[in-house]
Amino acid sequence: MTAHRLAARTFLDGPSLAPSDLCMVFLMREDDDTESRPMPTLTVREVPGVITALESLGVRSVKIFAGSRVRDAQASQAASPTGLMARAIEAAKRAAPNVLVMTETCVCSHNDSGECWLGDRHGMDRELTSEVLGAQAVMQAEAGADIVGPAAMLPGSVFAVREALDVAGHKQVAIMPHLIFASSLYEGYRATMGATPRSGARAFQIDPKQPELAVHVAREMVDEGADMILTEPALHTVDTLVHLKDKVPAPLVPFSVSGEYLRLTDRREDGERDMKGLIEAYTVLKRAGASRVITYGALEIARELRAS
């Protein structure tokens, strides 16, 4: 094969990664919380500065995760209009109204078990869990969220969230449920957010050896009202992403989880993380059919892309 000149190779290049392809993850903590954690976190006071920096670099979306300081068996603070999630959404929207705000909609960081579901004396209470998820989604929408993200993978939960939003007058708010493969790569997030399940496992996450189940579940989510699908861990689902692109009529948004961020970035001599590995990985995801990529490294990657 001819070794073409650089100009010819550039002319033949496929689409490259751009800041607008990225969505930044915000893991929230309270202002007075100084505990050391594996993953970077933000306070509500810090949100305006970070989101303004993201917008200036061309990153147009964020995904917010926030838990409750007071946790109980009913996740009673999950839908609090004055809770950390509501305050973070409001701060983001005030700082940059045109930046799209996505949320995680789940009870794992609000109950005292770390599970994605609520229970009774018989075990899992699906009806109660779906009810709380619906209330949580409504609270998030009223705070300003553009897209809510049911993450429990509980059958019927997407429908419950859609119904709750519609009844509350938020038909324009989109739903992007999480399609999750079981993995050890979530540990950094779980430790940071205090969301390690007491049972040791998430009940409905997909066995990585069963990619065909992911297609089935994604179709069910769309039937229940999902507008788009989040897949995670991002790099573990590349092959599934290709199949989903052909078989599911919804945009696909891989989530590059905490383990990918920690393991694919090296510390440079200046203390900053080297983003080259993630840039390469996300280019592959875009090639495989990703509409956007959700990542903890969006700000750092956008700076590097701008510099190059």
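Quick summary incoming for the structure in this document. Everything numeric in this text was worked out from a predicted model, so none of it was measured.

### Remarks on the overall build of the chain
What the chain contains, in helices and strands, is 11 helices and 13 strands. Rg of the C-alpha trace for the chain: 19 Å, near the compact-globule value of 19 Å for 308 residues, within the 12% margin. Each of the three principal axes of the chain carries a C-alpha extent, and together these read 70 × 45 × 35 Å. Evaluated residue by residue, the chain yields a buried proportion of 54% over its 308 residues. Excluding contacts between residues fewer than 6 apart, the proportion of contacts in the chain whose partners are at least 24 apart in sequence is 77%. Of the roughly 14,300 Å² that the chain leaves accessible, carbon and sulfur atoms contribute 52%.

### Some words on the pairing of strand 9 (residues 229-232)
What you see with strand 9 is no split at all: Ile229 and Thr231 on one side and Leu230 and Glu232 on the other are buried throughout. One ladder, built from three bridges, connects strand 8 (residues 178-180) with strand 9; its direction is parallel. Bridge pairing links Leu179 to Thr231 in strand 9. As paired elements, strand 9 and strand 10 (residues 252-256) share three bridges and run parallel to each other. Across the sheet, residue Thr231 finds its bridge partner in strand 10, namely Pro254. At this point the chain moves from strand 9, through helix 8 (residues 238-247), to the parallel strand 10, and the crossover so formed is right-handed.

### Things to note about the pattern of salt bridges
Scanning the model with the defined rule gives 15 salt bridges in all. Its salt-bridge partner being Asp33, residue Arg37 comes within 2.7 Å of it at the nearest N-O pair. Note that Asp227 is salt-bridged to Arg162, the shortest N-O span being 3.8 Å. Here Asp227, found in the loop between helix 7 (211-224) and strand 9, pairs with Arg162, found in helix 5 (residues 157-167); they are 65 residues apart in sequence, far enough to count as distant. Residue class for Asp227 comes out partly exposed when judged on its relative accessible area of 35%. For Arg162, a relative accessible area of 12% gives the class buried. A network of salt bridges, in which partner residues are shared, links Asp33, Glu35 and Arg37.

### Thoughts on the packing of aromatic side chains
Within the structure shown, the criterion is met by four aromatic pairs. Ring centres of Phe255 and Tyr296 lie 5.9 Å apart, and the angle between their planes is 35°; this geometry places the pair in the tilted category. In this pair, Phe255 is assigned in strand 10 and Tyr296 in the loop between strand 13 (293-295) and helix 11 (298-307), connecting sequence segments 41 residues apart. For Phe255, a relative accessible area of 3% gives the class buried. The structure contains a cluster of three or more aromatic residues connected by ring pairs, namely Phe65, Tyr189, Phe255, Tyr261 and Tyr296.

### Section: the packing of helix 4 (residues 126-143) against helix 5
The N-to-C vectors of helix 4 and helix 5 enclose an angle of 45°; their axes lie 8 Å apart at closest approach. It follows from the interaxial angle that helix 4 and helix 5 lie oblique. Crossing hand, helix 4 versus helix 5: right-handed. Between helix 4, through Ser130, Leu133, Gly134, Ala137, Val138 and Ala141, and helix 5, the contact on the second element is made entirely by Ser157, Ala160, Val161, Ala164 and Leu165. Considered class by class, the residues forming the contact of helix 4 with helix 5 number eight nonpolar, three polar and no charged.

### Here we look at the state of the cysteines
Within this structure, the stated rule accounts for zero disulfides. Cysteine Cys23 shares no disulfide, and the gap to the nearest cysteine sulfur, in Cys106, comes to 17 Å. Between Cys106, a cysteine without a disulfide, and Cys116, which holds the nearest cysteine sulfur, the sulfur-to-sulfur distance is 3.5 Å.

### Some remarks on the nonpolar core
One finds Phe26, Met28, Ile64 and Leu179 to be the most contacted residues of the largest nonpolar core, which totals 105 residues. Setting aside its immediate chain neighbours within four residues, Leu179 contacts Met153, Ile206, Ala214, Val217, Ala218, Met221, Ile229, Leu230, Thr231, Glu232 and Leu244.

What counts, and at which threshold
Residues numbered from 1 in each chain as written. Predicted model: local features only at pLDDT ≥ 70, side-chain atom pairs only at ≥ 80, totals over all residues. Heavy atoms only, no water. Helix = DSSP H or I, 4+ residues; strand = E, 2+ residues; numbered from the N terminus. Rg over C-alpha atoms; globule rule 2.2 N^0.38 Å. Buried < 20%, exposed > 50% of the residue type's maximum accessible area, 1.4 Å probe, protein only. Contact = heavy atoms within 4.5 Å. Areas by Shrake-Rupley, 256 points an atom, 1.4 Å probe, with all protein chains shown as cover. Pairing = 2+ DSSP bridges. Right-handed = clockwise from strand over helix to strand, strands pointing away. Salt bridge = Lys/Arg side-chain N within 4 Å of Asp/Glu carboxyl O. Phe/Tyr/Trp six-rings, centres within 6.5 Å; stacked < 30°, edge-to-face > 60°. Axes fitted to C-alpha atoms, helices over the stretch in contact; angles between N-to-C directions. Parallel < 35°, antiparallel > 145°, perpendicular 65-115°, else oblique. Left-handed = near helix turned anticlockwise from the far one by under 90°. Nonpolar A, V, L, I, M, F, W, Y, C, P; charged D, E, K, R; others polar. Disulfide = S-S within 2.5 Å. Core = buried A, V, L, I, M, F, W, Y, C linked by side-chain atoms within 4.5 Å.

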